[in-house]
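The residues making up each chain are set out below.
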Number of protein chains: 2
Amino acid sequence: MRISELSDRTGVSIPTLKYYLRERLLHAGETQSATRAVYDDTHVERVRLVRTLVDVGRLSIDRVREVIDALEHPPASRHQLLGAVHEALRPHQASEPPTTEAADRVRALGLADCAESRASSQLAQALSAAAAGGWVVDDATLRVWQRAMRTVAETDVAEELGRMAPGDALRYAIVGTVLTDPVLLALRRVAQEAVSAERFGSTDADGPPA
Amino acid sequence: MRISELSDRTGVSIPTLKYYLRERLLHAGETQSATRAVYDDTHVERVRLVRTLVDVGRLSIDRVREVIDALEHPPASRHQLLGAVHEALRPHQASEPPTTEAADRVRALGLADCAESRASSQLAQALSAAAAGGWVVDDATLRVWQRAMRTVAETDVAEELGRMAPGDALRYAIVGTVLTDPVLLALRRVAQEAVSAERFGSTDADGPPA
């Protein structure tokens, strides 16, 4: 297909597609002449992936390129794949290294050392940033959350991952995480609403008298 | 204190503080002369709040202003406060309205109607966006996640909220959510690592033979 059809099928404008080509987010089409190239379904799929990462995941263009590079050169081991996912989806903030105290707390939860695990290091940074903002998550709360997210992770790491080709498994894990993190955070908010209604009433009972 | 001391105490540069003043994120100091104003601890606290929202919450300046406006005019009811928090912290994406199917799924979970709850509407949008990206969260998974986030929410909605002044309760809930969402997402990732190690081995067992 020509670039105009690629644009129609993906809903992404031609100038944006050309930008993706220049930025190496999209692989080149097959050249037919100096001014004409043709594209196929692999291009449609790639453009959709880039839009998901940009629109939903709010990844920068540099970060999207990292994801694409990882997809094109996936690690051979299933387990290392997950490290690649977590690396690609690390939080935006140019974080300072986690405090020693936060790193110790992560170890106390029985988790991998921060030097060895991107996920542990991300947790220590999140705890450091919360503490710097005046919010200390106490140990009891952290353990409740750890158990809750363990039940989530058991649904995340699907058995079928073990049967996929490495690049497919990586794309599956990245897209799944980007698209479902917002679902989890929204579920936190609806649950807060339910608990709040139970504890404080859903009407203006504690507002000024009518 | 003068603006130079406010800058020292918060680690935010004077030009940035002046920008916050112009953008009404920071209330004016007490004017001493045409070129001089003094600031107090309420300004220190406000600047820290703005930094937390910008650096950790990645809120835009317009969104931070909405939060500040809500803090200055908090709703009287504890329960409405939570709606104000969820409104302020809604996801970035200029989302399309959720699909009817997603709104129906939210109702099937026993949750408030999207028209009546910002949190329900956010959940329906997250489910719509995931489906548009090719990722359907099945009912069984959604119910597991719902239960997990309910245990999280029970730690979120603290009894002491009921004793706080509305503005304090609102700030507490907003800051807590902004600072702890990244902790939860990091806990998801460390748990994924643990489950992956259990299912696929933490070494290169499935990689090429040595």
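Residues numbered from 1 in each chain as written. Chains lettered and ligands numbered in written order. Predicted model: local features only at pLDDT ≥ 70, side-chain atom pairs only at ≥ 80, totals over all residues.

Looking at the nonpolar core
Membership of the largest hydrophobic core comes to 111 residues, with the highest contact counts inside it found for Leu123 of chain A together with Leu123 of chain B. For this core, the element with the most residues is helix 9 (residues 166-200) of chain B, which contributes 15 residues. Split by domain, the residues of this core number at least three in each of domain 1 (1-56) and domain 2 (60-197) of chain A. (Core = buried A, V, L, I, M, F, W, Y, C linked by C-beta atoms within 7 Å. Buried ≥ 20, exposed ≤ 12 C-beta atoms within 10 Å, placed from the backbone. Helix = DSSP H or I, 4+ residues; strand = E, 2+ residues; numbered from the N terminus. Domains from an automatic or database assignment.)

Things to note about the packing of helix 4 (residues 61-72) of chain B against helix 9 of chain B
Residues and elements named next belong to chain B. Where helix 4 meets helix 9, the axes come as close as 8 Å, and the angle between the chain directions of the two elements is 150°. By the angle between their directions, the pair helix 4 and helix 9 is classed as roughly antiparallel. Across the interface between the two elements, Val67, Ala70 and Leu71 of helix 4 pack against Gly167, Leu170, Arg171 and Ile174 of helix 9. Among the residues making up the contact of helix 4 with helix 9, the classes are represented as 5 nonpolar, 1 polar and 1 charged. (Axes fitted to C-alpha atoms, helices over the stretch in contact; angles between N-to-C directions. Parallel < 35°, antiparallel > 145°, perpendicular 65-115°, else oblique. Contact = placed C-beta atoms within 7 Å. Nonpolar A, V, L, I, M, F, W, Y, C, P; charged D, E, K, R; others polar.)

Some details on the packing of helix 8 (residues 139-156) of chain A against helix 8 (residues 139-156) of chain B
Contact geometry for helix 8 of chain A and helix 8 of chain B: axes closest at 9 Å, N-to-C directions at 170°. By the angle between their directions, the pair helix 8 of chain A and helix 8 of chain B is classed as roughly antiparallel. Only Thr141, Val144, Trp145, Ala148, Met149, Thr151, Val152 and Thr155 of chain B of helix 8 of chain B make contact with helix 8 of chain A, whose side of the interface consists of Thr141, Val144, Trp145, Ala148, Met149, Thr151, Val152 and Thr155 of chain A. Broken down by class, the residue content of the contact of helix 8 of chain A with helix 8 of chain B amounts to 10 nonpolar, 6 polar and no charged.

With respect to the interface of chain B and chain A
Taken together, the contacts link 70 residues of chain B with 70 residues of chain A. Of all the elements in the fold, those that place two or more residues in the side of chain B that touches chain A are helix 3 (41-56), helix 5 (78-88), helix 7 (118-132), helix 8 and helix 9 of chain B. Looking at the side of chain B that touches chain A, the element that brings in the most residues is helix 9 of chain B, giving 22 residues. When grouped by side-chain class, the residues that make up the side of chain B that touches chain A number 35 nonpolar, 22 polar and 13 charged.

A short note on the domain arrangement of chain A
Residue and element names in this part refer to chain A. Structurally, chain A comprises domain 1 (1-56) and domain 2 (60-197). With 9 residues of domain 1 at the interface, the matching set in domain 2 holds 10 residues. Along the lines of polarity and charge, the residues of the side of domain 1 that touches domain 2 split into 6 nonpolar, 1 polar and 2 charged.

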